[in-house]
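# Observations on the three-dimensional arrangement
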Amino acid sequence: MKSSIILSICALCATILTCSCSTTSTIPFTEAHNYFFRNDATIPESPMITTEEQFDSLFGMAAFMGPNGTPTKIDFKKEFVIAVVLPVTDIETNLTPVSLTKDNDVLTFVYDCKQGEKNSFTTQPLLMIVVDKAHEAASARVVQK
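Residues numbered from 1 in each chain as written. Predicted model: local features only at pLDDT ≥ 70, side-chain atom pairs only at ≥ 80, totals over all residues. Heavy atoms only, no water.

### Thoughts on the sheet that holds strand E7 (residues 89–103)
We count it as follows: Strands pair, by our definition, only if DSSP identifies at least two bridges between them. Only DSSP runs of H or I with at least four residues qualify as helices, and only runs of E with at least two residues qualify as strands; both kinds are numbered from the N terminus onward.
Across the sheet, four strands lie side by side as E1-E7-E8-E10; this open sheet has mixed pairing. Of all strands in the sheet, those with a lone pairing partner are strand E1 (25–26) and strand E10 (139–144), marking the two edges. Relative to E7, E1 runs antiparallel, the two sharing two bridges. What sits directly across from threonine 26, in E7, is threonine 101.

This is the structure:
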């Protein structure tokens, strides 16, 4: 009886210790709108874009008239971007941000992808989020939910 209690206490302590060592934290972000992926660019290996020059070589503004037609402002002195760029497709594709977490020095961006009907035209699905530089990490990865 004593040994099973001691074993239970040890297991509980090990669980608490494991959980307390985790450094995963949720990171706030803003979804960026009204940009397109340039057709003369190559999809980057890293989803993290930290400079305006790199951003401008990959994306263009897709402004249109109306209250929501202005592209999201990005200040690369204070912010960086994580982008999900999928290959060109003729299938209706909607990308939605789910979460951004940081574990040690790796950011993980989770997104959802819903596909619908076949279109008579092609598009290149794009999802971008803007993150405060205070949360910058050594690397970032994107994961489809």
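### Here we look at the packing of aromatic side chains
Put simply, the rule reads: Two rings belonging to Phe, Tyr or Trp (six-membered ring only in the last case) form a pair when the distance between their centres is within 6.5 Å. Interplanar angles under 30 degrees mark stacking, angles over 60 mark edge-to-face geometry, and anything in between is tilted. For each residue, the accessible area found with a 1.4 Å probe, counting protein chains only, is set against the maximum for its type, and the residue is called buried under 20%, exposed over 50%, and partly exposed in between.
All chains considered together, the criterion is met by six aromatic pairs. Ring plane angle 85° and centroid distance 5.2 Å describe the contact between tyrosine 35 and phenylalanine 55, whose orientation is recorded as edge-to-face. On the criterion of sequence distance, the pair formed by tyrosine 35 in strand E3 (residues 35–37) and phenylalanine 55 in helix H2 (residues 52–58) is long-range, its members being 20 residues apart. Each member of the pair, tyrosine 35 as well as phenylalanine 55, is classed as buried.

### Side note on the side chain of threonine 93
Put simply, the rule is: By the criterion applied in these results, polar contacts are pairs of N or O atoms within 3.5 Å in which, for protein atoms, one can donate a hydrogen and the other can accept it, and in which residues neighboring in sequence qualify only through two side-chain atoms. Two residues form a contact once any of their heavy atoms are found within 4.5 Å.
Within the fold, threonine 93 resides in strand E7. Separated by 2.9 Å, the side chain of threonine 93 and the backbone oxygen of isoleucine 91 make a polar contact. Setting aside residues up to four positions removed in sequence, threonine 93 forms contacts with Leu86, Cys113, Lys114, Gln115 and Pro125.

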